[in-house]
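# Observations on the model geometry
Each chain, written out:
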Amino acid sequence: FKAQQSSSFEIPDVSWDDIGGYDDVKAALERTLHIMNMSRALPDEDQHLRAELTPRGFVFYGPPGTGKTLFAKAVANKFNATIQIVSGPEVTNKFVGEGERRIRELFAEARRNAPSVIVFDEFDSIAARRGSGDDGGSRAGNAMVAQILTEMDGFRPDVQMLVIGTTNRLELIDSALLRPSRFASFPIDLPDEYARRDIIRVHARRYRIPVDGFAEALVRATVDWNGDEIRALFRDAFVAAKYEGRPPTPTQLGELVGRHQISRKREHVGRGR
Ligand code: ATP
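Residues numbered from 1 in each chain as written. Predicted model: local features only at pLDDT ≥ 70, side-chain atom pairs only at ≥ 80, totals over all residues. Heavy atoms only, no water.

An unreviewed UniProt entry annotates the protein chain as AAA+ ATPase domain-containing protein originating from Saccharothrix mutabilis subsp. mutabilis.

Laid out in structure tokens, this is it:
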């Protein structure tokens, strides 16, 4: 199964415009990336300040399906960088010592492919707070945090690298990693009304399903949905229309929204909410 591998060492084809909403996050990231570029061109007498000016990584945190990985890809694109996406549990589910080795290898590969971005999905599984328990798992976690810190503190000024972690649980992340010179954290919450409108625009365009005159009803019907659920709605409409050999209609989108609402309710009941 090579899906993870195939995303390696390519510059992702995702731009800000593919991400609906979250203008504040985009602006904050733009600013940080700009300062990073600027700090590279500092005169010699200011070079010693460099490490303090910009973080070496970002943590995107928030509920599932809100576009955290999508943001990581767009950052890599802005940075003109290749990307390696690694799942946290893939690194932690190894024998003692192997996780650290895997991290060393990842950073070495990233150095060879610079400019580059390493993305740790489910970062909390690797970067859990040190000393947060005394089981073997957390001891291994400690060593991996230490390894990541060593790697990041050793970033050479001439090699452009960035580490991005995504997580649903920021509170689990070791605070040593969240120092401003290491990871800057950005919240990516459920989309608000404005963001939903924009996400609907993005996916209506991707799937070439016109929503004119129907967009506002969709915005109202998708309160509390995440971006991934909105994408799934358009995908389902696209597939149904292809299967039935006719263009997608607003009525059919409406039916799909209704069906999705019902299955969400069921899930929430199932989870005791
Ligand atoms: P998880 O926490 O479950 O890993 P995530 O926050 O990383 O989720 P992504 O994997 O980035 O979520 O999002 C999944 C898909 O949902 C994206 O590929 C995209 O199609 C869609 N999506 C999510 N948020 C947005 C958004 N703001 N704009 C457009 N599409 C979005």
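### Examining the overall build of the protein chain
If you tally the helices and strands in the protein chain, you get 12 helices and five strands. Expressed as lengths along the three principal axes of its C-alpha atoms, the size of the protein chain is roughly 60 × 45 × 30 Å. Counting across all 273 residues of the protein chain, residues that qualify as buried make up 44%. Restricting to contacts in the protein chain with at least 6 residues of sequence separation, those with at least 24 account for 76%. By element, 52% of the accessible surface of the protein chain is carried by carbon and sulfur atoms, the whole surface being about 14400 Å². (Helix = DSSP H or I, 4+ residues; strand = E, 2+ residues; numbered from the N terminus. Buried < 20%, exposed > 50% of the residue type's maximum accessible area, 1.4 Å probe, protein only. Contact = heavy atoms within 4.5 Å. Areas by Shrake-Rupley, 256 points an atom, 1.4 Å probe, with all protein chains shown as cover.)

### With respect to unusual backbone geometry
Across the junction of Ala114 and Pro115, the peptide omega takes the value -5°, indicating a cis bond. Locating Pro115 in the fold gives a position in the loop between α6 (98–112) and β3 (116–121). Its identity is not glycine, yet Glu122 carries a phi of approximately 50°, on the positive side. Tracing the backbone shows Glu122 in the loop between β3 and α7 (124–127). Phi at Arg208 is positive, roughly 50°, even though this residue is not glycine. Here Arg208 is to be found in the loop between α9 (193–206) and α10 (215–221).

### A short note on the pattern of salt bridges
Under the defined criterion, the tally for this structure stands at 16 salt bridges. Residue Arg101 is joined to Glu105 by a salt bridge in which the shortest nitrogen-to-oxygen separation is 3.7 Å. Here Arg101 and its partner Glu105 are both found in helix α6, four residues apart, which amounts to about one turn of the helix. The partly exposed category is assigned to Arg101, whose relative accessible area is 44%. A relative accessible area of 38% places Glu105 in the partly exposed class. Among the ionic pairs, Arg264 bridges to Glu229, the shortest N-O distance being 2.8 Å. With Arg264 in helix α12 (residues 250–270) and Glu229 in helix α11 (residues 227–244), this residue pair connects regions lying 35 residues apart in the sequence. An identical accessibility class is assigned to Arg264 and Glu229; each is buried. (Salt bridge = Lys/Arg side-chain N within 4 Å of Asp/Glu carboxyl O.)

### Remarks on the sheet that holds strand β1 (residues 57–61)
Overall, parallel pairing links the five strands, which are arranged β2-β3-β4-β1-β5 in an open sheet. Of all strands in the sheet, those with a lone pairing partner are β2 (82–87) and β5 (183–187), marking the two edges. Sheet twist, expressed as the mean angle between neighbouring strand axes with direction ignored, is 20°. Here β1 runs beside β5; their pairing, made up of five bridges, is parallel. Within the sheet, the bridge partner assigned to Gly57 lies in β5 and is Phe183. Helix-sheet contacts for α6 involve β2, β3 and β4 (161–167), and the interaxial angle to β3 is about 150°. (Pairing = 2+ DSSP bridges. Axes fitted to C-alpha atoms, helices over the stretch in contact; angles between N-to-C directions.)

### Points about helix α4 (residues 68–78)
Restricting attention to buried positions, one finds in α4 the residues Lys68, Phe71, Ala72, Ala74, Val75 and Ala76. Buried residues in α4 make contact with α2 (23–40), β1, β2, β3 and β4. Among the residues trailing α4, Asn80 stands out with phi positive, at a value near 55°.

### Brief notes about the packing of aromatic side chains
Counted according to the given criterion, the structure contains nine aromatic pairs. Relative to Phe71, the ring of Phe60 has its centre 5.8 Å away and its plane inclined at 50°; by these criteria the two rings are tilted. One end of the pair, Phe60, is in strand β1; the other, Phe71, is in helix α4, with 11 residues separating them in the sequence. For Phe60, a relative accessible area of 0% translates into the label buried. For Phe71, a relative accessible area of 0% translates into the label buried. On the numbers, 5.7 Å between centres and 15° between planes, the contact of Phe120 with Phe123 is stacked. Of the residues examined, Phe120 reaches a relative accessible area of 0% and is grouped as buried. (Phe/Tyr/Trp six-rings, centres within 6.5 Å; stacked < 30°, edge-to-face > 60°.)

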